[in-house]
Amino acid sequence: MDVDTRLLRSFLAVAEEENLTRGAQRLYVSQPALTKRIRQLEARLGVALFTRSRSGMALTAPGRALAQRAPDLLAAWDRSAREVKAAASREELVLRVGFLASAANEATQRIIAEFSRCRPGWRVEMRQASWSNPSAGLADGEVDAAFVRLPFPGQRALRVAVLFDEPRCVALPAAHPLAGRDVIAFRDLWDEPFVAAPPETGAWRDYWLAADERDGRPVRIGAVTEQPDDWLNAIANGYGVALAPESAARFYARPGIAYRPLTGVGPSRVAVAWAPADDTTAVVRDFVHCCLTP
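Residues numbered from 1 in each chain as written. Predicted model: local features only at pLDDT ≥ 70, side-chain atom pairs only at ≥ 80, totals over all residues. Heavy atoms only, no water.

A. Examining the environment of Ile235 more closely. With respect to the secondary-structure elements, Ile235 resides in helix α7 (residues 228-236). With 45 residues separating them along the chain, Ile235 and Trp190 place their C-alpha atoms 16 Å apart. If we ignore the near neighbours within four places in the chain, the residues touching Ile235 are Ala171, Leu172, Pro173, Val195, Gly240, Ala242 and Ile257. (Helix = DSSP H or I, 4+ residues; strand = E, 2+ residues; numbered from the N terminus. Contact = heavy atoms within 4.5 Å.)

Here it is, written out as structure tokens:
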């Protein structure tokens, strides 16, 4: 019997979290979608894997047996898939680098130029990820390295080297009353609706809503978006304001949107990330070295 590895990952997330909501946040999917995957896996195996109650999800005896085997099965598959994709990239002399919005900043051209000098004949292929994929494709092996913003879910399982800190600012409609200020205090935005990342991104979404820096004040959500263009449209159309890295004012300037410096929130950190399995991969090490070289 063939089993989709996505179903196994879904099972393992719920088994480890003992909770559907936390499992959905960990996988960046909705709770109904995760419930459907668990039911599909149970139907394929012909057994119940969990007992469901108000307190959470408890493993059955068959569930415990699968939970013992699943990590090794997925790790072996991940290694194989990564090796196959890496072999294809190296045959073509292509390094796949993921990025989230302006995490690929003005320094990117210098880094790529330095990498080209270090690795003649190689090409860097930049791949932009949606905000529902905060690891920029690295966690699922779609890229060899990534420019990311910290913190992001799952970063403890990856290697991360910080490149620089960057202040956060606020993006708001140009006609907004606060747009006339030179600097805005974050507490003056607490009652504003915010444009947010999808709920399943969990801590990533909370960070860009500064949920921990509101003195317990609840967040009002005016719109949910995954891509920069949708994010810009939602702000320009007055559905909400949003926190952004300072560089967004350069990379995503457009009529109808004002960016203003912000006080009362901490900075964002830009980093280069890669998988632990690539610690000994020379071309990935060379790229990271180019990122860290001034």
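B. A look at the sheet that holds strand β3 (residues 94-99). Read from one edge to the other, the open sheet built from five strands follows the order β4-β3-β5-β13-β6, with strand pairing classed as mixed. Because the sheet does not close on itself, it has two edges, and the strands there are β4 (123-128) and β6 (159-166). With strand direction ignored, the average angle separating the axes of adjacent strands in the sheet is 25 degrees. Taken together, the seven bridges between β6 and strand β13 (residues 268-274) define a ladder with antiparallel strand orientation. Looking at β13, one finds that Phe164 is bridged to Val270. (Pairing = 2+ DSSP bridges. Axes fitted to C-alpha atoms, helices over the stretch in contact; angles between N-to-C directions.)

C. Just the packing of helix α2 (residues 20-27) against helix α3 (residues 31-45), in detail. Closest axis-to-axis distance for the α2/α3 pair is 9 Å, and the angle between their directions is 100 degrees. Considered as vectors, α2 and α3 are oriented roughly perpendicular to each other. Across the interface between the two elements, Leu20, Thr21, Gly23, Ala24 and Leu27 from α2 touch Gln31, Leu34 and Thr35 from α3. Residues belonging to the contact of α2 with α3 are distributed by class as follows: four nonpolar, four polar and no charged. (Parallel < 35°, antiparallel > 145°, perpendicular 65-115°, else oblique. Nonpolar A, V, L, I, M, F, W, Y, C, P; charged D, E, K, R; others polar.)

D. A look at the nonpolar core. Judged by nonpolar contacts, the single largest core of 49 residues is most densely connected at Val148, Leu172, Phe186, Leu189, Trp231, Tyr259 and Leu262. Looking at this core, the elements that each hand over two or more residues are β5 (145-150), β7 (168-173), β9 (193-196), α6 (203-208), α7, β11 (242-245), β12 (257-263) and β13. When near neighbours in sequence (up to four residues on either side) are disregarded, Trp231 contacts Trp131, Ala171, Val195, Thr225, Ala242, Leu243, Ala244 and Tyr259. One finds Val97, Phe115, Trp274 and Cys290 within the second-largest nonpolar core, a separate group that totals 20 residues. (Core = buried A, V, L, I, M, F, W, Y, C linked by side-chain atoms within 4.5 Å. Buried < 20%, exposed > 50% of the residue type's maximum accessible area, 1.4 Å probe, protein only.)

E. Looking closely at helix α1 (residues 5-17). Its 13 residues give α1 an end-to-end C-alpha distance of 18 Å, which sits within 8% of 18 Å, the value for a rise of 1.5 Å per residue. Leu7, Leu8, Ser10, Phe11, Leu12, Ala13, Val14 and Ala15 are the residues of α1 that are buried. (Expected span 1.5 Å × (residues − 1).)

F. View of the side chain of Ser247. Counting through the fold element by element, Ser247 comes out in the loop between β11 and α8 (248-251). Residue Ser247 is classed as buried on the basis of its relative accessible area of 1%. Not counting residues up to four positions away in its chain, the partners in contact with Ser247 are Ser102, Arg149 and Glu166.

G. Up close: the packing of α1 against α3. Remark: α1 packs on α3, axes separated minimally by 9 Å, with the N-to-C direction vectors making an angle of 110 degrees. On the basis of their axis angle, the class for α1 and α3 is roughly perpendicular. Every pair of crossing elements has a handedness; the one defined by α1 and α3 is left-handed. Contacts between α1 and α3 involve Arg6, Leu7, Ser10, Phe11 and Val14 from the former and Leu34, Arg37, Ile38, Gln40, Leu41 and Arg44 from the latter. Residue composition of the contact of α1 with α3, by class: six nonpolar, two polar and three charged. (Left-handed = near helix turned anticlockwise from the far one by under 90°.)

H. Representation of the packing of aromatic side chains. Applying the stated criterion across every chain yields a total of seven aromatic pairs. An angle of 75 degrees between the planes, with centres 5.7 Å apart, marks the rings of Phe115 and Phe287 as edge-to-face. Here the residue Phe115 occupies a position in helix α5 (residues 107-118), and Phe287 occupies one in helix α9 (residues 282-292), the gap between them amounting to 172 residues. Like Phe287, Phe115 is buried. Between Tyr207 and Trp208 the ring centres are 5.2 Å apart and the planes differ by 90 degrees, which places this aromatic pair in the edge-to-face class. Across the pair, Trp208 and Tyr207 agree in class, each one buried. For the cation-ring pair, Arg168 lies above Tyr207, with the distance from its terminal atom to the ring centre recorded as 4.0 Å. (Phe/Tyr/Trp six-rings, centres within 6.5 Å; stacked < 30°, edge-to-face > 60°. Lys NZ or Arg CZ within 6 Å of the ring centre and 35° of its normal.)

I. Geometry of the sheet that holds strand β8 (residues 184-185). Reading across from one edge, β8-β12-β7-β11 is the order of the four strands in this open sheet, with mixed pairing throughout. The open sheet is flanked by β8 and β11, the only strands paired with a single partner. With two bridges joining them, β8 and β12 adopt parallel strand pairing. Its bridge partner lying in β12, Ala185 is registered against Thr263.

Worth remembering: the numbers are spatial, not functional.
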